Amino acid sequence: MGSYELEGYGKIDYARWLNPFAYNMVVSKEQLDFYKQFIKEGDFVIDIGANIGDTGVPMGLAAGPTGTVLAMEPNPLIYKILELNASLNKDKLNMIPLPYAATEDDGEFFYNSSEATFNNGGISKERSDFHGKFELENKITGINLEKYLKTNYPDLLARLSYIKVDTEGYDKEILMSLKNIITEYRPAVMFEVFEKLDKDARAELYA
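Residues numbered from 1 in each chain as written. Predicted model: local features only at pLDDT ≥ 70, side-chain atom pairs only at ≥ 80, totals over all residues. Heavy atoms only, no water.

## Side note on the nonpolar core
For step 1, the next point in the chain: Judged by nonpolar contacts, the single largest core of 33 residues is most densely connected at Phe44, Ile46, Ile48, Leu145, Leu149, Ile163 and Leu178.
For step 2, the next point in the chain: With residues up to four places along the chain from it excluded, the contact list for phenylalanine 44 reads Thr68, Leu70, Leu149, Leu156, Leu157, Arg159, Leu160, Ser161 and Tyr162.
For step 3, the next point in the chain: Ile39, Ala50, Ala62 and Ala71 belong to the second largest nonpolar core, which has 30 residues in total. (Core = buried A, V, L, I, M, F, W, Y, C linked by side-chain atoms within 4.5 Å. Buried < 20%, exposed > 50% of the residue type's maximum accessible area, 1.4 Å probe, protein only. Contact = heavy atoms within 4.5 Å.)

Here it is, written out as structure tokens:
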């Protein structure tokens with residue numbers, strides 16, 4: 001556990017995953033100002049590929065305690081730290097952690113990483129080393145997020161302002177699965193361009 005002072009917010013507590021690939025989760029004023037361009041007090045925002053909450057926390061601070069961050073992280077090792085960070089700073093933000101991957105269809109998926117600590121990784125329907133040679137012993141659970149949102153958070157969708165996707169190359173499939181939500185509610189969307197994507201795949205993702 002640690003803490004730091006953030007201008008305008010006072011003390012921010014955080015939990016850090018102690019492995020050699022994890023980075024310090026200190027939110028800067030510049031990072032928070034970036035999110036405030038898109039997120040206002042009381043908004044509903046979604047963090048897909050939330051890791052330990054390094055983006056979910058500043059998104060939550062921008063939305064404030066009356067807003068909601070839905071933070072999705074399927075890796076059970078990292079999810080434990082995300083849960084801890086979601087339990088902190090309740091007077092400043094409201095983050096709901098979910099132990100799932102966002103997928104086109106509900107199901108169970110393989111999870112692989114290029115790091116023995118599984119700090120970053122991706123999912124696949126079949127066994128694959130595309131994301132690295134290290135594979136979690138157990139499969140992770142994927143959910144169709146659009147269906148999940150309409151079932152569990154229908155009242156929040158009208159306040160949806162921002163979606164972040166960082167899923168190691170699975171971003172296009174997730175965005176397509178959320179097409180109806182994005183079209184109807186018009187949130188700002190930030191997504192990763194995974195380094196292993198070729199030129200055609202990058203063009204498809206952008207389109």
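## A short note on the pairing of strand β3 (residues 44-48)
For step 1, the next point in the chain: Extensive coverage of β3 is indicated by the burial of five of its five residues.
For step 2, the next point in the chain: Covered by surrounding structure in β3 are Phe44, Ile46 and Ile48 together with Val45 and Asp47, the residues of both alternating faces.
For step 3, the next point in the chain: Where β3 and strand β4 (residues 68-72) come together, five bridges link them in parallel fashion. The residue of β4 that forms the bridge with isoleucine 46 is leucine 70.
For step 4, the next point in the chain: For the crossover that starts at β3, traverses helix α2 (residues 56-63) and ends in the parallel β4, the hand is right-handed.
For step 5, the next point in the chain: As judged from the five bridges shared by β3 and strand β11 (residues 160-165), these two strands associate in the parallel manner. When the sheet's bridge partners are listed, isoleucine 46 is paired in β11 with isoleucine 163. (Helix = DSSP H or I, 4+ residues; strand = E, 2+ residues; numbered from the N terminus. Pairing = 2+ DSSP bridges. Right-handed = clockwise from strand over helix to strand, strands pointing away.)

## Examining the pairing of strand β5 (residues 95-98)
The side chains of a regular strand alternate, first on one face of the sheet and then on the other.
For step 1, the next point in the chain: In terms of strand pairing, β4 meets β5 through four bridges, oriented parallel. The partner of leucine 70 across the bridge, within β5, is isoleucine 96.
For step 2, the next point in the chain: As a crossover connection, the stretch from β4 through helix α3 (residues 76-87) into β5 is right-handed.

## Some points on the pattern of salt bridges
For step 1, the next point in the chain: Enumeration according to the criterion identifies nine salt bridges in this entry.
For step 2, the next point in the chain: Between aspartate 13 and lysine 11 there is a salt bridge, and its shortest N-O distance comes to 3.7 Å.
For step 3, the next point in the chain: The class for aspartate 13 is partly exposed, based on a relative accessible area of 24%.
For step 4, the next point in the chain: Judged by relative accessible area, lysine 11 falls into the partly exposed class, the value being 46%.
For step 5, the next point in the chain: In this structure, lysine 92 and aspartate 91 form a salt bridge, with 3.2 Å as the shortest nitrogen-oxygen distance. (Salt bridge = Lys/Arg side-chain N within 4 Å of Asp/Glu carboxyl O.)

## What about the packing of aromatic side chains?
For step 1, the next point in the chain: Tallied over the entire structure, the rule returns nine aromatic pairs.
For step 2, the next point in the chain: An angle of 50° between the planes, with centres 5.8 Å apart, marks the rings of tyrosine 4 and tyrosine 14 as tilted. Separated by 10 residues along the polypeptide, tyrosine 4 in strand β1 (residues 2-6) and tyrosine 14 in strand β2 (residues 10-14) bring together distant segments of the chain.
For step 3, the next point in the chain: We classify tyrosine 4 as buried; its relative accessible area is 10%.
For step 4, the next point in the chain: Consider the rings of phenylalanine 44 and tyrosine 153, whose centres lie 6.4 Å apart with planes at 35°: the pair is tilted. A residue pair is termed long-range when its members are at least 10 positions apart, and phenylalanine 44 in strand β3 and tyrosine 153 in the loop between α4 (145-152) and β11 qualify at 109 residues. For the residue pair phenylalanine 44 and tyrosine 153, the accessibility class agrees, reading buried in each case.
For step 5, the next point in the chain: What links up through ring pairs into an aromatic cluster is the set Phe34, Tyr35, Phe38 and Tyr162. (Phe/Tyr/Trp six-rings, centres within 6.5 Å; stacked < 30°, edge-to-face > 60°.)

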